[in-house]
Structure formats: structure tokens, C-alpha cells
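# Observations on chain architecture
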Amino acid sequence: MALATRTAKPPSSPSLIGSVWRSTVGKKAVMAVTGVIMLAYLVAHMLGNLKVFFGAGEFNHYAAWIRTIGEPFLHHKWFLWLARVVLSVAVVLHGVAAYQLSRRDLAARPVKYQGRGRGGDRRRASYATRTMRWGGVILGLFIVWHILDLTTLTVNPNAQEGRTYENLVASFDRWYVSAFYIVAMLALGLHIRHGFWSAAQTLGVGSARRDRLLKTLANGLAALLTCGFIAVPIGVLTGVVS
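## A closer look at the overall build of the protein
A tally of regular secondary structure across the protein gives eight helices and zero strands. Starting at the N terminus, the α and β elements of the protein follow one another as α-α-α-α-α-α-α-α. Burial analysis of the protein (242 residues in total) assigns 29% to the buried set. In the protein, of all internal contacts separated by at least 6 residues, the share reaching a separation of at least 24 is 68%. Of the roughly 16,000 Å² of accessible surface on the protein, 66% is carried by carbon and sulfur atoms.

## Structural notes on the nonpolar core
The biggest cluster of nonpolar side chains holds 27 residues, and the ones touching the most others in it are Met185 and Phe229. Every element with two or more residues in this core is listed here: helix H2 (24–49), helix H3 (56–66), helix H5 (119–151), helix H6 (164–172), helix H7 (175–202) and helix H8 (211–237).

## A look at the pattern of salt bridges
Where charged atoms of side chains with opposite charge meet at close range, the side chains can pair. Here the structure, examined in full by the defined rule, presents three salt bridges. With a shortest N-O distance of 3.2 Å, Asp149 and Arg174 are connected by a salt bridge. Note that Asp149 is positioned in helix H5 and Arg174 in the loop between H6 and H7, a separation of 25 residues in sequence. The pair Asp149 / Arg174 is uniform in exposure class, with both members buried.

## Here we look at the packing of aromatic side chains
Inspection of the entire model under this criterion finds seven aromatic pairs. Ring centres of Phe172 and Tyr181 lie 4.8 Å apart, and the angle between their planes is 70 degrees; this geometry places the pair in the edge-to-face category. Here Phe172 and Tyr181 have matching classes, each one buried. An aromatic cluster of at least three residues, connected via ring pairs, comprises Phe59, Tyr62, Trp65 and Tyr165.

## Here we look at the environment of Ser242
Assignment of secondary structure puts Ser242 in the segment after H8. Sequence separation between Ser242 and Asp173 is 69 residues, and the spatial gap between their C-alpha atoms is 8.8 Å.

## Considering unusual backbone geometry
That bond from Glu71 to Pro72 is cis: its omega, 5 degrees, falls within 30 degrees of zero. Structurally, Pro72 is set in the loop between H3 and helix H4 (78–108). You will see that Lys77, though not glycine, has its phi angle at about 75 degrees, which is positive. Position of Lys77 among the secondary structure elements: in the loop between H3 and H4. Even without being a glycine, Leu153 presents a positive backbone phi close to 60 degrees. As for its position among the elements, Leu153 is in the loop between H5 and H6.

## A short note on the confidence of the model for the protein
This prediction gives the protein a mean pLDDT of 85; 84% of its residues lie at or above 70. For the protein, per-element mean pLDDT is lowest for H5, which scores 75, and highest for H6, which scores 96. Long-range and interchain partners of residues 113–117, a stretch whose pLDDT sits below 50, account for two contacts in this model, where long-range means more than four residues apart.

Scoring rules and cut-offs
- Counting starts from 1 at the beginning of each chain's written sequence and moves along it residue by residue.
- Confidence filtering applies because this is a predicted model: local features only for residues at pLDDT of at least 70, side-chain atom pairs given and counted only at 80 or more, and all residues used for totals across whole chains, interfaces and linings.
- For side-chain calculations, the full set of non-hydrogen atoms in the structure is used, while hydrogens and water are omitted.
- Helix and strand assignments follow DSSP, with helices taken as H or I runs no shorter than four residues and strands as E runs no shorter than two, numbered in order from the N terminus.
- Burial classes follow relative accessibility: with a 1.4 Å probe on protein chains only, a residue under 20% of its type's maximum area counts as buried, one over 50% as exposed, and anything between as partly exposed.
- It only takes one pair of heavy atoms within 4.5 Å for two residues to be counted as in contact.
- To measure how exposed things are, a 1.4 Å probe is used in the Shrake-Rupley method; for residues, cover is taken only from the protein chains shown.
- Among the buried residues, those of types Ala, Val, Leu, Ile, Met, Phe, Trp, Tyr and Cys that are joined through side-chain atoms within 4.5 Å form a nonpolar core.
- The rule for a salt bridge is simple: a side-chain nitrogen of Lys or Arg has to be within 4 Å of a carboxyl oxygen of Asp or Glu.
- When two rings of Phe, Tyr or Trp (its six-membered ring) have centres within 6.5 Å they constitute a pair, described as stacked for plane angles under 30 degrees, edge-to-face for angles over 60, and tilted for the intermediate range.
- Per-residue confidence from the prediction method is given by pLDDT, with values spanning 0 to 100.

The following block contains the structure:
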């Protein structure tokens with residue numbers, strides 16, 4: 001009597017994207033690429049924000065222009081929504097990769113360092129890790145608030161569609177909102193300072209000869225963006241923007 005035999009299927013090979021995502025190097029590469037995308041957005045966003053110092057007409061015109069980019073090929077606001085989708089995907093991938101890398105780091109190092117022989121390295125690594133971790137949490141909370149405040153106008157006391165300048169002034173006229181914004185921008189500066197350096201190493205841009213230049217660029221870019229963003233709420237609180 002013949003017995004039916006069942007042929008075992010060979011295990012399917014993982015996809016290239018899946019293999020890259022599961023590897024530590026791949027996650028770092030995802031963080032680096034998404035970080036570059038977010039950094040480009042931040043530079044453009046900061047430059048646009050500074051138009052607030054030229055008055056309501058100039059700022060509202062700029063806000064309206066953003067909604068017409070790509071017309072008539074793209075419909076009204078399509079470019080804006082495409083940018084939001086790309087940015088949202090970048091933020092989510094960046095955050096998930098950062099969380100998973102953090103968990104791997106903790107799993108690989110379950111026992112805290114002891115002794116003083118490596119104290120300097122331990123303190124530097126610990127400072128950078130805490131800065132990126134808590135800075136990321138602060139920025140995540142800020143993004144949620146910022147969207148509710150100036151995009152959906154859910155928590156904005158002015159809430160006038162199409163009057164971006166007035167909405168911004170109404171928001172930053174509340175001292176606690178400005179304080180939260182400033183704290184978030186300081187966290188952003190520290191995040192960029194360390195993240196720019198890490199991204200350069202991951203993408204293979206860094207080298208022993210370029211270290212000083214990259215550190216200078218990281219510090220300068222972080223300071224520029226922090227000061228540029230903070231200038232707006234300070235301008236509102238001091239009456240320069242009203």
C-alpha cells in the first residue's frame with residue numbers, strides 16, 4: 001500500500017526590503033535617510049516662518065501660495081498634502097527605527113557599566129542617548145499639539161481658515177504655548193546636532209579628515225534652526241509681531 005508523502009515547501013527567502021529593515025545597519029540607514037528628508041523640510045519651514053516678520057499680508061500670501069504649488073498640473077493643495085504624507089511617513093519610520101534600535105541596545109547591554117575606567121565614554125554615550133530619546137518624545141508630543149493648533153485649528157483660540165498670520169499670533173500670544181514651543185525647538189536643536197553627525201557616519205560621508213567640518217556644520221545648522229524657529233514666538237511675545 002503506497003503512502004502519500006507530503007513534500008515540504010522550502011522556506012521562502014525574505015524580501016530585500018524586509019532584510020534591510022530587520023538589520024541594525026538597515027534601521028540606521030532608514031533613520032539617516034528620513035532624517036535628511038525631515039531636515040530639508042525644517043529648513044524650508046523655518047524660512048517660511050520668518051516671513052511673519054514682514055507682516056500679515058506677506059505671510060498670508062506665502063501660506064496661500066503653498067497651497068497652489070504645482071497648479072494647474074496638480075489640483076489645489078495636492079502638493080501640500082503630498083508633502084504632508086511624505087513627511088508623516090518619514091516621521092513614523094524614523095521614530096519606529098529609533099525605538100527598535102534603542103530596545104536592541106538595551107538588550108545587548110542589560111547590565112549597566114561599572115567602574116570608572118570608561119567613565120568618560122559612558123557619560124558621553126549616556127548623554128547622547130538620553131538627549132535623542134527624550135528629545136524625540138518631546139518633539140513627538142509637540143508635533144501632535146502643533147497640528148491641532150495651527151493645521152486643524154482645533155485648539156487655536158482664533159481658528160480662522162485662511163488667516164494663517166492671525167492664527168499664529170493668537171497661538172503664540174499664550175505664554176505657555178510659546179514656552180512649550182521654545183522647549184521643543186531647543187530639543188530639536190540638540191536632536192539635529194547629534195542626528196546630523198550620526199547620519200553622516202551611517203551614509204558614509206564621515207571620515208577622520210572631515211570630522212571637524214561635520215561637527216561644525218552640525219552645530220551651526222542646529223543653532224541656525226533653533227534660533228530661526230524660536231524667533232517667531234519671541235517676536236509675538238515682545239510685540240514685534242502682532
